[in-house]
Amino acid sequence: MKIGPKSSGSKPGPICYSMGGREPTITDANLILGYLNPDYFLGGKIKLNFENAKESFENLGKQLSVSWLKAAWGAYDLVCENMASAARVHVVEKGRDPRNYSMVCMGGAGPVHAVNVAKKLGISEIIIPPGSGAASAIGMLVSPVSFTVTRSKPYILNNVDCNEINDLFHKMEQECFKNVAYSKIHKKNFIIERFAEMRLLGQMHEISISLSNKDLNKSSLKDIEKSFKNEYSRIYNHIYDDAKIQILNWKVTIKTVTPFYKSHIKDNYDKNNQITSRQVYFEDYGKLIKTKVYNRYDLSPGTNLEGPLVVEELESTTILPPGCKLSIDKYKNIIINLKKSNNTKLDYHQSKNFKDLEKKFQSDPIALEIMWSRLINITEECWETVIRTAFSIIIGECQDFACELLDSNGNQLVHSPRAMPVFNICLPNAVKSMLKRYPPDSLEPGDVLITNDPWLCSGHLYDIAFATPVFKNKKLVAFVGIVGHVSDIGGIRNELSAKEIYDEGLQIPPLKLF
């Protein structure tokens, strides 16, 4: 089963819209799983056709040899996996751990998928503000007045001309205020923020470091250096001791204080509100069960509920599975607390028999696709880290490299979709060759294998392959492999006149670096 990338759009839209849609969509799946009310979609302005949606998943289920209910749940679970994977890559790019944060839901479908996505990310708290289905529009209306000016003035940190940069900052602030003069807001009501976009000299990507609003001096440069090293180490775990630090851009932002948004939900709650019910599917039960449905506008601050249940509002629907708790805070936000557990594992991890595990995955196309998505996500995280820390323009700009996951014998499992195709062929060969020199049972956590032998890798010395073992419970289970083009390996200036392989530069046989 695959989800997207093609969308049905608003026209013809999902099959349940009865506007000409022919392919099953996530909206159709949400409807037949009981997550959407066919009579209250968009506050009842659109009636959804349940039977047509169900028929589409009956046809899909036949193709997958599963029931229509499992096909619908598979589509729902898979799109949640895609959402979690996309979020994970962006969070890792910023050097953050999603488990340390709460998740704020926006969009009409956000609260429908929120709990399942949060489980996959290991997040334990979800916040659903009032009007979440229209959050983007509300945000545009209540956003603060702001303006940003960025100027490129490269400096090695230790060589910064403080007087020149102080003068530059003052001019940038004046430019910012000139561009917000239309707002008629007094200058004293603006907050001024300064930033430096910094990197290690030779890298392609910068890190934004917050600066003091005071004029720069030699002493403050030391503080900037410390802030950069702390942030770089937090994101990438390590900073090269002898690398020079470069400031590429200087930035000034002015903005007003974000205005307080008062909820549109009125305070005249109906304490005798009528609680309805309908059949809703929950994975914990593996079937449709009769579930209570609450009207959000009747839930007052201080309300505490436990799943399973559904909360409906004009712009969206919130799904609360069993074991989760829901409360309404003083700002009328829905707060969902999830059970503390490792929610990112598939049930199949319990199996100890590989053949049995293989059969289960082959007979379950949904679980197979989810596992495939997770493996690709690992290589994408690796790809992002490599490209953002590379000193080579060939790597950072031309993207002449590849990241892969391989099994314990060096066979390729999955590669980043953005990898150079030729490397997807040669890297497994290079890893297997290195394992002949250093057998798997001789490796330990932290080992790094390397080679650029052209007869073992890609054909010329500039492509250097690395592999590091992955262990679980002290058992080698996989390798993470990377191969990329590195020009700075010595050799003659005019490589076209090379007469033998050594003219290209340094040749590295299979070696263990650490």
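Going by the structure above, here's the rest.
Here is a short report on the structure shown in this document. Keep in mind it's a predicted model, so treat the numbers as computed, not measured. (Residues numbered from 1 in each chain as written. Predicted model: local features only at pLDDT ≥ 70, side-chain atom pairs only at ≥ 80, totals over all residues. Heavy atoms only, no water.)

## Considering a nonpolar patch on the surface
Turning to step 1, where the next piece is worked out: On the surface, Phe466, Leu513 and Phe514 cluster together to form a nonpolar patch covering roughly 310 Å² of accessible area.
Turning to step 2, where the next piece is worked out: Tracing the chain through its elements places Phe466 in strand 17 (residues 463–472). (Patch = residues over 30% accessible without salt bridge, like charges linked within 9 Å, V, L, I, M, F, W, Y side chains within 5 Å. Areas by Shrake-Rupley, 256 points an atom, 1.4 Å probe, with all protein chains shown as cover. Salt bridge = Lys/Arg side-chain N within 4 Å of Asp/Glu carboxyl O. Helix = DSSP H or I, 4+ residues; strand = E, 2+ residues; numbered from the N terminus.)

## Describing the packing of aromatic side chains
Turning to step 1, where the next piece is worked out: Under the defined criterion, the tally for this structure stands at 10 aromatic pairs.
Turning to step 2, where the next piece is worked out: Geometrically, the ring pair formed by Tyr240 and Phe391 is edge-to-face, given 5.5 Å between the ring centres and 70° between the ring planes. In this pair, Tyr240 sits in the loop between helix 7 (218–236) and strand 6 (245–256) while Phe391 sits in the loop between helix 9 (365–389) and helix 10 (393–396), placing the two residues 151 residues apart along the sequence.
Turning to step 3, where the next piece is worked out: What makes Tyr240 partly exposed here is its relative accessible area of 43%.
Turning to step 4, where the next piece is worked out: Under the relative-accessibility criterion, Phe391 is labelled partly exposed at 37%.
Turning to step 5, where the next piece is worked out: Centroid distance Trp383 to Phe401: 5.3 Å. Interplanar angle 25°. Geometry classified as stacked. One end of the pair, Trp383, is in helix 9; the other, Phe401, is in strand 14 (residues 401–407), with 18 residues separating them in the sequence. We note that Trp383, like Phe401, is buried.
Turning to step 6, where the next piece is worked out: Positioned over the ring face of Phe177 is Lys187, at 5.0 Å from the centre of the ring.
Turning to step 7, where the next piece is worked out: Directly above the ring of Trp383 sits Arg418, whose terminal nitrogen or CZ lies 3.8 Å from the centroid. (Phe/Tyr/Trp six-rings, centres within 6.5 Å; stacked < 30°, edge-to-face > 60°. Buried < 20%, exposed > 50% of the residue type's maximum accessible area, 1.4 Å probe, protein only. Lys NZ or Arg CZ within 6 Å of the ring centre and 35° of its normal.)

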